[in-house]
Amino acid sequence: MGTATAPGRATEHAAAGRPASAIRFSKMQGAGNDFVVLDLRQDATLAERLSNPGDGLCRALANRRTGVGCDQVLGIERARSDGAVAAYRIWNADGSPARQCGNGARCVAAWLVRDGAAGEDFRLDSPSGTHAVQRAGKGRYTIGMGAPSFAPESIPLAGADREQDVYVVDLDGTEVAFGAVSMGNPHAVVVVEDVDDAPVATLGPALQRSASFPESVNVGFVQVLARDRIRLRVCERGAGETLACGSGACAAVAVLTRQGRVDGQGGVAVSLPGGDLHIQYDPGSGAIGMTGPAAFVFEGEMAMEDGA
Ligand SMILES: N[C@@H](CCC[C@H](N)C(=O)O)C(=O)O
């Protein structure tokens, strides 16, 4: 479809004799969590459409059969804070907006570096704040993910029994125990013996529907291998089980450090179905750093039928 516009811009061009609009995108992935990345800096209309849940554009892009396919759509915008090179917004595959996306932050960082807008060390605005970003080798980035908040109202989490740092809810007669934390977005962390057998597809959606999480929740199932090594699978809000969740990895390390099961300060290797992340958590300052890969998959242009 050879038009020469910047990625993310909607274009008008003739296809089979009638005009159709097209959206240019980059397809990216970080540890298997995959994204459609759009440049919204020149295109306020696209941003408005993505923000309108009734529009269907986000779901159309994310659809793995009739669209590009992704777990999240990421929109790059102009910086909002002094010293940041850009800002980005996040929409889940079902069209719902999100406030944090760790794997997405690394992909946006790689996109900005390739674009020439960012160098080795820079700052990036997201809906949950401003992140320090460093290149950490070829195709790898470290993101300052901010501080976890364990306050139930920040998650938000209500109506669950709590003993120390473990909550319990009754789901259809079965008691489920979990840790909970906000990484800017809500996370529940369920410790299991073996993630391969974890009830990700059943307990994940059940916790997401629970009245205890009025804004739903990302549900992580974590197996502790050692004080510096865990395995994790995540059922994401708005996307189902993904191959990796960066904020979920930070949430798991924060919860397990607080429970004394891992040593976040020494750094924890998190093995997810799509790849590995390294998480460093200093409970004193509250700072969490996440290091992992970010890769381009392909570039393209998705045709949108008139009215779509
Ligand atoms: N995949 C992401 C998280 C994306 C948002 C999440 N599903 C939510 O709704 O909060 C990550 O890597 O952190």
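A quick note: this is a predicted structure, and the numbers were derived from the prediction, not measured. (Residues numbered from 1 in each chain as written. Predicted model: local features only at pLDDT ≥ 70, side-chain atom pairs only at ≥ 80, totals over all residues.)

A. Quick peek at the overall build of the protein chain. Of the regular secondary structure elements, the protein chain holds 5 helices and 20 strands. By the compact-globule yardstick of 19 Å for 308 residues, the protein chain fits well, its C-alpha radius of gyration being 19 Å. Each principal axis of the C-alpha distribution contributes one length, and for the protein chain these read about 65 × 45 × 35 Å. Taken over 308 residues, the protein chain has a buried fraction of 45%. (Helix = DSSP H or I, 4+ residues; strand = E, 2+ residues; numbered from the N terminus. Rg over C-alpha atoms; globule rule 2.2 N^0.38 Å. Buried ≥ 20, exposed ≤ 12 C-beta atoms within 10 Å, placed from the backbone.)

B. Structural detail: the site of the ligand. The full set close to the ligand counts 21 residues, and Ala-98, Asn-103, Asn-185, Gly-246 and Ser-247 are the nearest of them. The set of elements that each furnish at least two residues to the shell around the ligand consists of β5 (84–92), α3 (102–115) and α5 (246–258). The element that contributes the greatest number of residues to the shell around the ligand is α3, accounting for 3 residues. Of the residues belonging to the shell around the ligand, the class tally is 5 nonpolar, 13 polar and 3 charged. Among the domains, domain 1 (10–142 + 294–304) and domain 2 (152–285) are the pair contributing at least three residues each to the shell around the ligand. (Near = placed C-beta within 6 Å. Nonpolar A, V, L, I, M, F, W, Y, C, P; charged D, E, K, R; others polar. Domains from an automatic or database assignment.)

C. Up close: α5. Between its first and last C-alpha atoms α5 spans 19 Å; for 13 residues at 1.5 Å apiece the expected length is 18 Å, and the two agree. The buried count for α5 comes to 12 of 13 residues, which makes it a mostly enclosed element. Here α5 has its buried residues at Gly-246, Ser-247, Gly-248, Ala-249, Cys-250, Ala-251, Ala-252, Val-253, Ala-254, Val-255, Leu-256 and Thr-257. Gly-260, located one to two residues past α5, shows a positive phi value of around 80°. (Expected span 1.5 Å × (residues − 1).)

D. Here's a closer look at the pairing of strand β9 (residues 140–144). By the bridge criterion, 3 bridges tie strand β8 (residues 129–135) to β9 in an arrangement that is antiparallel. Residue pairing in the sheet places Val-133 in a bridge with Ile-143 of β9. Where β8 hands over to β9, the hairpin turn is made up of 4 residues, of which Gly-137 adopts a positive phi near 110°. Across 5 bridges, the pairing between β9 and strand β19 (residues 287–293) is antiparallel. Paired with Arg-140 across the two strands is Pro-293, which belongs to β19. (Pairing = 2+ DSSP bridges.)

Treat this as a map of the structure, not an account of what it does.
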